[in-house]
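What follows is the residue order along each chain.
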Amino acid sequence: MGRRASIFNIVSVTLGLAFLYLPIVILVIYSFNGSRLVTVWGGWSLTWYRALLSDRAMIDAAWTSLRIAALSASAATVLGTCAAVALTRLGRFRGRLLFSGMVYAPLVMPEVITGLSLLLLFVALDVDRGFWTISIAHTTLTMCFVTVIVQSRLVSFDRSLEEAAMDLGCPPLKTFLTVTLPLILPAIAAGWMLAFSLSLDDLVIASFTTGPGATTLPIRIYSEVRLGVKPEINAVCTIMIAVVAVATVVASLASKRGAVRRERAGA
Amino acid sequence: MAEAATQEQTAGDRPLVRFAGVAKRFGQITAVEEFTLDIGEGEFFALLGPSGCGKTTLLRMLAGFETPSAGSILLDGEDIVAVPPHRRPVNMMFQNYALFPHLSVAGNIAFGLRQERAGRAEIAERVAEMLALVRMPDFGRRRIDQLSGGQRQRVALARALIKRPRVLLLDEPMAALDKKLRAETQFELMELQRRLGTTFVIVTHDQDEAMTVADRIAVMDRGRLAQVAAPSEIYERPNSRWVADFIGEVTLLEGMLAEGAIETVLGRFRAAMPAGGRKRDTVWLALRPEKLHIAAQRPADGNLNAIPGTVFEIGYRGDMSIYKVRLADRSLMKVALANTSARGRASFGIDDVVWLSWPPEAGWVLTR
Ligand SMILES: Nc1ncnc2c1ncn2[C@@H]1O[C@H](COP(=O)(O)OP(=O)(O)O)[C@@H](O)[C@H]1O
Ligand SMILES: [Mg+2]
């Protein structure tokens, strides 16, 4: 039947992929450009990566970004997992619908609005803006993604495993820690990775909530690009792409392996 | 009366488990109702009934996963309704086995002992003992996903037995096994129960399974107890048409009770009077297919009940043939004939006129 790829299909897939990835591929290739001019090819070279090593400001920004991403991803994972457990396990408690609505709202909320409202909150509370405010803002932003991932795992979780543990003398909290948690760990890890990547490349919310002391990598890149694209930027972005890609692949492998194992164990 | 006496005899004066007027409702649905039952120490007890009749709910109430809406559950004379599952000296083998996929076979079996903070050496020793008990001595290090269905079933059994529970609960333990393996496992389970002396309560919808393994069976119908007795008692002397029909094959003839006999549209058949039955009551004569005799002529013995009919259908089953014989009122009566001769098929064909006969004590009169 018409299952074989027609010319039309091939062309549209190629165009679609090109549209998505051509800019990235060009960026990656040009990060290895030997020429100082961004638009002229000057042969392969690692000049810009070397230049990056001596760019103190850029390295500081990268370090700030990594710390914020690790901290906010960890906080979001703890809070998001708790929210997921509450939503799947507490049954129909009062205000459940409101609670789940509130958890998921940041998922669809325009970032500008989230950023602005957080800025207003921090100003109203009169806290110094910087590392901590960005971390809190990123926790708010990424928590709902963790909740979505962990909740979808918990919904398919076989409750009789928990019952079996309790039947064998394990109290409820210990059951959660020794049976439930290890089994949903791949989903939690995937949630953490996603939160980490989201935090790492966020520009909008970070710009709203940052202060004089803390410049994240995206903010740094953006401000440099406004003065003209330097080849160093291409090198930074290539490294970021690599980090995010690795995180995403690890996360999806982790959750897939969990699913395969589960299937084979017939649970 | 007769029923209560049998139950008293087998469950003993001090039953191990007692359900007293237990009911369980899930919103509008009533899963279990007015359920009263005693289970004795060391019994192999079966809860039998069609799917959805509340067997699992009953077992889950005993394990502590559901709280009764009414009534009490006693273990060793003490009400355990308020005791949480992890503090009950009762272990359960789950229908889907519920083995922990992140632990090895040995890790699964040791789980219960670990909760008691048993020492390393003791755990290792008891796990080895359990693995030997279920005849899987070399499987301790295997992962759960490397086991076959039958092996998983054994691991689940070992895991539930390691804490030496007062009662072992088994929810449809053989439902996932193929027929041949199921038959073997039934006998293994019986032998295991005899050796350990532990009280087993098994839930099943398979009447052959219940009859094979259990010392006593409680037959359930829509959340209520229909009859509780030894397997042979339930088969030979069911207390209602529902039980007679649920357990094995039966033909029921409706009639009116007379002195030492029952009057039906097909004639008068001699039978033992049911306990508490009065003359002119509407009753039913239950006849099991294997208790009937089939012949070409009316039997000479005047003591036998006899009825003519024509062969309507023959089902060949290998060990026996099931004849469906059409009677004068166009109803069908089932007769089983063992194929004892090497040639197999017996000598009657479709549309042959035959006589069915049975001695008075082979029939059983039901009053409801
Ligand atoms: N958690 C529950 N919520 C609502 N209804 C339930 C629940 N558990 C069981 N039931 C209902 O109770 C009845 C008995 O169920 P169950 O005990 O599982 O039957 P069985 O094990 O005999 O097949 C069924 O009608 C079932 O739908
Ligand atoms: Mg069931």
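Cut-offs used in this document
Residues numbered from 1 in each chain as written. Chains lettered and ligands numbered in written order. Predicted model: local features only at pLDDT ≥ 70, side-chain atom pairs only at ≥ 80, totals over all residues. Heavy atoms only, no water. Buried < 20%, exposed > 50% of the residue type's maximum accessible area, 1.4 Å probe, protein only. Helix = DSSP H or I, 4+ residues; strand = E, 2+ residues; numbered from the N terminus. Salt bridge = Lys/Arg side-chain N within 4 Å of Asp/Glu carboxyl O. Near = heavy atom within 4 Å. Polar contact = N/O pair within 3.5 Å; in protein donor to acceptor, adjacent residues only side chain to side chain. Areas by Shrake-Rupley, 256 points an atom, 1.4 Å probe, with all protein chains shown as cover. Nonpolar A, V, L, I, M, F, W, Y, C, P; charged D, E, K, R; others polar. Domains from an automatic or database assignment. Contact = heavy atoms within 4.5 Å. Buried area = accessible area lost by both parts, 1.4 Å probe. Pairing = 2+ DSSP bridges. Axes fitted to C-alpha atoms, helices over the stretch in contact; angles between N-to-C directions. Phe/Tyr/Trp six-rings, centres within 6.5 Å; stacked < 30°, edge-to-face > 60°. Lys NZ or Arg CZ within 6 Å of the ring centre and 35° of its normal.

A. Summary view of unusual backbone geometry. Residues and elements named next belong to chain B. A positive phi angle, near 50°, is found at Ala 98, a position not held by glycine. Under the relative-accessibility criterion, Ala 98 is labelled buried at 2%. A positive phi is found at Asp 351, a non-glycine position, where the angle reads about 75°. Structurally, the position occupied by Asp 351 is in the loop between strand E18 (332-338) and strand E19 (353-358).

B. Broad picture of the pattern of salt bridges. Scanning the entire structure with this criterion turns up 28 salt bridges over all chains. Across the pair Glu 122 of chain B and Arg 126 of chain B runs a salt bridge, and its minimum N-O distance is 3.1 Å. Remark: Arg 126 of chain B and Glu 122 of chain B occur in helix H4 (residues 120-133); sequence separation between them is four residues, near one turn of the helix. On the basis of relative accessible area, Glu 122 of chain B is assigned to the partly exposed category, the value being 36%. The shortest N-O distance in the salt bridge between Arg 222 of chain B and Asp 221 of chain B comes to 3.1 Å. Residue classification places Arg 222 of chain B among the exposed positions, given a relative accessible area of 64%. Overlapping salt bridges bring together Arg 89, Arg 159 and Glu 162 of chain A as one network.

C. Structural view of the site of ligand 1. Residues and elements named next belong to chain B. If you check the shell around ligand 1, you find Phe 26, Ile 29, Ala 31, Ser 51, Gly 52, Cys 53, Gly 54, Lys 55, Thr 56 and Thr 57 and nothing else. Gly 52 places a main-chain nitrogen or oxygen 2.6 Å from an oxygen atom of ligand 1. Residue Thr 57 places a side-chain N or O atom 2.5 Å away from an oxygen atom belonging to ligand 1. In isolation ligand 1 exposes 560 Å². Once the protein is present, 61% of that is buried. The set of elements that each furnish at least two residues to the shell around ligand 1 consists of strand E2 (29-39) and helix H2 (55-63). The biggest single contributor to the shell around ligand 1 is H2, with three residues. Grouping the constituent residues of the shell around ligand 1 by class yields four nonpolar, five polar and one charged.

D. Seen up close, the domain arrangement of chain B. All names here are of chain B. Parsing chain B into structural domains produces domain 1 (2-242) and domain 2 (250-366). With centres defined by C-alpha atoms, the gap from domain 1 to domain 2 works out at 38 Å. Taken residue by residue, the interface counts eight residues in domain 1 and seven residues in domain 2. With both chains or domains summed, domain 1 and domain 2 bury close to 730 Å², and 59% of this area falls on carbon and sulfur atoms. Counting every contact that joins domain 1 to domain 2 gives one salt bridge. If you look at where domain 1 meets domain 2, you find four residue pairs in polar contact (both at pLDDT 80 or more). Each residue belonging to the side of domain 1 that touches domain 2 can be placed in one class, and the counts come to three nonpolar, two polar and three charged.

E. Representation of the sheet that holds strand E15 (residues 293-295) of chain B. Residue and element names in this part refer to chain B. Read from one edge of the open sheet, five strands run E15-E19-E16-E17-E18, paired in antiparallel fashion. In this open sheet, the two strands that pair with only one neighbour each are E15 and E18. Taken over all neighbouring pairs, the strand axes of this sheet differ in orientation by 45° on average, direction set aside. Here six bridges tie strand E16 (residues 305-316) to strand E17 (residues 320-326), and the two strands are oriented antiparallel to one another. Within the sheet, the bridge partner assigned to Ile 314 lies in E17 and is Tyr 323.

F. Highlighting the packing of aromatic side chains. Residues and elements named next belong to chain B. If you walk through the whole model with that rule in mind, you get 13 aromatic pairs over all chains. Ring geometry for Phe 269 versus Trp 358: centroids 5.1 Å apart, planes at 45°, classification tilted. Pair noted here: Phe 269 is in strand E13 (residues 267-270) and Trp 358 is in strand E19, with a separation of 89 residues, a long-range link. As far as burial versus exposure is concerned, Phe 269 and Trp 358 are alike and both buried. Residues Tyr 323 and Phe 348 carry aromatic rings whose centres are separated by 6.4 Å and whose planes lie at 85° to one another, so their mutual orientation is edge-to-face. Pair noted here: Tyr 323 is in strand E17 and Phe 348 is in the loop between E18 and E19, with a separation of 25 residues, a long-range link. Looking at Tyr 323, the relative accessible area reads 1%, which means it is buried. The aromatic ring of Tyr 235 is capped on one face by Arg 288, whose charged end is 4.1 Å from the ring centroid.

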